[in-house]
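# Structural characterization, general
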Amino acid sequence: MGASQPAPDSKVVTRFAPSPTGFLHIGGARTALFNYLFARHHGGAFRLRIEDTDRARSTDAAIAAILDGMTWLGLDWDGDVVYQFARAARHAEVAHDLLARGHAYRCYATAEELTALREAQRAAKQPMRYDGRWRDRTDWPEDQPHVIRLKAPREGSVTITDLVQGPVTVANAELDDMVLLRSDGTPTYMLAVVVDDHDMGVSHVIRGDDHLNNAFRQLAMIRLLGWPEPHYAHIPLIHGTDGAKLSKRHGALGVDAYRDELGLLPEAVENYLLRLGWGHGDAEIISRAEATEWFGLEAVGRGPSRFDLKKLENINGHYMRAADDARLVALIAPRVVTALGRELTAADNDLLQRSMPELKKRSPNLNDLALGALFYLRSRPIPMDDGAAKLLASATPGVLAGAYARLAGVTDWSTATLEEQVRALADEFGLKLGQAAQPLRAAVTGSSQSPGLFDVMETLGRDETLGRIDDVITGRAG
Ligand code: GLU
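The text that follows walks through the structure, step by step, so that each part is easy to find.

Cut-offs applied
Per-chain numbering applies: the sequence of each chain, read as written, is numbered from 1 onward. Local features in this predicted model are restricted to residues of pLDDT 70 or higher, and side-chain atom pairs are both shown and tallied only at a pLDDT of 80 or more, whereas totals for entire chains, interfaces and linings draw on every residue. Only hydrogens and water are removed before side-chain values are computed, so all heavy atoms of the structure are retained for them. One heavy atom within 4 Å of a molecule or strand is enough for the residue carrying it to be called near that molecule or strand. Under this definition, polar contacts are N or O atom pairs within 3.5 Å; protein pairs additionally need one hydrogen-donor-capable and one acceptor-capable atom, and for neighbouring residues in sequence, both atoms have to be side-chain atoms. Here the open area of atoms and residues is found with the Shrake-Rupley method and a 1.4 Å probe, where only the protein chains shown may cover a residue. Counting from the N terminus, the helices are DSSP H or I runs at least four residues long and the strands are E runs at least two residues long. Partly exposed describes any residue whose relative accessible area lies between the buried limit of under 20% and the exposed limit of over 50%, with all areas from a 1.4 Å probe on protein chains only and scaled to the type maximum. In this scheme, a helix's expected span is set at 1.5 Å multiplied by one less than its residue total. For this analysis, residues touch if any pair of their heavy atoms sits within 4.5 Å. Paired strands, as defined in this entry, are two strands with at least two bridges between them according to DSSP. In this analysis an axis means a line fitted to C-alpha atoms, helices contributing only their contacting stretch, and an angle means the value between N-to-C directions, from 0 to 180 degrees. What makes a salt bridge here is a side-chain nitrogen of Lys or Arg within 4 Å of a carboxyl oxygen of Asp or Glu, nothing more.

## Description of the site of the ligand
- All residues adjacent to the ligand are Arg 15, Ala 17, Pro 18, Ser 19, Glu 51, Tyr 189, Val 193, Arg 207 and His 211.
- Ala 17 places a main-chain nitrogen or oxygen 2.7 Å from a nitrogen atom of the ligand.
- At 2.6 Å from a nitrogen atom of the ligand is found a side-chain nitrogen or oxygen belonging to Glu 51.
- Protein coverage of the free-state accessible area of the ligand, which is 300 Å², stands at 80%.

Have a look at this one:
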């Protein structure tokens with residue numbers, strides 16, 4: 001354990017609290033990762049809470065996408081998922097407790113009244129906020145619709161010592177008395193967050209800085225409740241490379257699209273997200289173990305970070321090269337099956353497995369890897385792409401037949417022997433090695449680009465290689 005590693009602190013509890021109104025986006029995934037690493041670094045707990053109180057906008061599909069995305073990224077949470085909506089009765093209980101203790105009050109202002117108030121404030125160029133007209137009244141009609149509002153302090157100020165932003169102060173006069181329970185008795189988001197964080201024992205609230213303003217109001221409520229105050233860490237939002245707030249046009253997709261459409265590996269996405277707003281010296285490639293050891297909020301930047309898809313793809317290339325061959329085969333198998341239009345045989349799988357060491361070096365993502373692997377599995381005669389057709393058209397006459405004759409005589413089918421034979425072939429025809437090798441590459445792979453020709457021939461094996469060359473010589477292919 002390094003000197004910077006604190007002793008396990010079982011009291012550290014973080015949470016990721018997404019609203020299930022859409023996919024798990026890149027900003028949410030980063031928030032989840034930071035919460036996860038902070039908890040793991042301290043030996044604490046990382047909880048997941050689905051904030052599904054907004055019934056109109058929450059969907060089961062979004063919940064499924066969030067759970068799926070978290071699982072894919074390996075951000076395993078502790079305990080059961082907490083569903084906020086299911087806790088509505090508990091939220092109401094806390095609001096009524098505040099009411100009973102004089103820290104909240106009933107407000108009977110109608111929607112029309114509040115609209116008129118806002119319009120008057122707008123006209124007077126005053127900040128728009130509730131004016132507290134029911135704050136000190138106790139003549140509550142029993143049978144009229146009303147909301148319950150927090151009786152927030154009006155004097156003084158609140159300072160949050162944010163672990164990322166530093167100390168931030170807001171005058172209480174700027175915060176109006178927020179609604180805790182709506183007239184239909186349902187809790188507001190602000191109430192639900194405070195109650196759930198408390199009941200889940202959350203010690204550190206780590207989230208996007210778009211929630212900083214909420215933190216002042218939440219803290220005011222926590223103080224009136226007399227509950228322990230959590231630490232806050234508000235992370236700057238992610239922007240696009242052009243500095244504008246991140247949106248789809250910057251390539252900001254749901255985590256599932258990084259997996260399915262871009263063919264990225266989860267460890268690459270994780271590594272990239274980690275570096276987006278957090279750093280450890282010059283380290284770029286950081287393992288989960290290192291991230292857990294090194295992660296701390298003091299190294300989270302205060303400025304917005306910029307999302308760069310190119311960088312993410314580069315990091316992915318690194319992880320592709322490092323990935324286990326069998327795992328890569330399993331990951332590309334569905335793509336390969338779709339492209340070939342048939343299931344894979346045991347022989348196909350074996351071929352894929354043997355092709356991985358070379359192929360993965362040149363494939364920045366799983367889509368390219370799958371595409372690059374197809375030629376190994378095609379049935380003869382294999383299709384030729386334009387590049388291959390050109391190479392074959394301009395090949396020195398007789399060079400493929402010469403290659404066939406030499407290769408047919410090879411008994412030790414190894415890259416070294418194959419290279420020896422192709423070099424001898426080039427000498428025989430008075431060609432440079434490339435001039436002999438390129439038409440062969442075209443015949444064997446159907447393309448002008450592939451992993452090393454001798455590796456390919458060795459992986460394909462003697463019969464398949466000779467068969468493919470023969471297909472071109474006899475005009476069945478090409
Ligand atoms: N549900 C909120 C969101 O998705 C997060 C609330 C919080 O982290 O306190 O933005």
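Don't stop here, the text continues.
## Structural notes on unusual backbone geometry
- With omega at -5°, the peptide bond leading from Arg 380 into Pro 381 counts as cis.
- Of note, the phi angle at Lys 125 is positive, near 55°, even though the residue is not glycine.
- Inspection of the secondary structure puts Lys 125 in the loop between helix H4 (111-123) and strand S5 (147-150).
- We classify Lys 125 as exposed; its relative accessible area is 78%.

## Observations concerning helix H13 (residues 366-377)
- The first and last C-alpha atoms of H13 sit 17 Å apart over twelve residues, in line with the 16 Å expected at 1.5 Å per residue.
- Taken together, the buried positions of H13 are occupied by Leu 366, Leu 369, Ala 370, Ala 373, Leu 374, Phe 375, Tyr 376 and Leu 377.
- Turning to H13, the residues buried within the fold contact helix H10 (309-322), helix H11 (325-340), helix H12 (346-359), helix H17 (433-445), helix H18 (453-460) and helix H19 (462-473).
- Of the residues flanking the start of H13, the one acting as N-cap is Asn 365, its side-chain oxygen 3.0 Å from the backbone nitrogen of Asn 367.

## Observations concerning the sheet that holds strand S2 (residues 45-50)
- The strand order across the open sheet built from three strands is S1-S2-S3, with neighbouring strands paired in parallel fashion. Each of the sheet's edge strands pairs with one partner strand only, and the pair in question is strand S1 (13-16) and strand S3 (82-83).
- Bridge count between S2 and S3: two bridges; the pairing is parallel. Within the sheet, the bridge partner assigned to Ile 50 lies in S3 and is Tyr 83.

## Quick notes on the sheet that holds strand S8 (residues 179-181)
- Reading across the sheet, the three strands line up as S4-S5-S8 and stay open at both edges, with antiparallel pairing between neighbours. Each edge of the open sheet carries a strand with a single partner, namely strand S4 (104-107) and S8. Between one strand and the next, the sheet's axes are offset by a mean angle of 45°, whatever the strand orientation.
- As judged from the four bridges shared by S4 and S5, these two strands associate in the antiparallel manner. Note on S5: the bridge partner recorded for Arg 106 is Ile 148.

## Focus on the pattern of salt bridges
- Tallied over the full model, the rule gives 36 salt bridges.
- Here Glu 142 and Arg 106 are joined by a salt bridge, their closest N and O atoms 3.5 Å apart. Here Glu 142, found in the loop between H4 and S5, pairs with Arg 106, found in strand S4; they are 36 residues apart in sequence, far enough to count as distant.
- With a relative accessible area of 15%, Arg 106 lands in the buried category.
- As a salt-bridge pair, Asp 136 and Lys 151 come within 4.0 Å of each other at their nearest N and O atoms. On the criterion of sequence distance, the pair formed by Asp 136 in the loop between H4 and S5 and Lys 151 in the loop between S5 and strand S6 (157-162) is long-range, its members being 15 residues apart.
- Residue Asp 136 is classed as exposed on the basis of its relative accessible area of 63%.
- Residue class for Lys 151 comes out partly exposed when judged on its relative accessible area of 26%.
- Here the residues in one salt-bridge network are Arg 15, Arg 49, Glu 51, Arg 87, Arg 90, Glu 93, Asp 196, Asp 197 and Asp 199, joined through shared partners.

## What about the pairing of S6?
- Of the two faces of S6, only the one carrying Val 158, Ile 160 and Asp 162 is buried; Ser 157, Thr 159 and Thr 161 on the other face are not.
- Two strands pair when backbone bridges link them, and S6 and strand S7 (residues 166-171) are joined in this way by six bridges, in the antiparallel orientation. By the bridge assignment for S7, Thr 161 is matched with Pro 167.
- What sits between S6 and S7 in their antiparallel hairpin is a turn of three residues.

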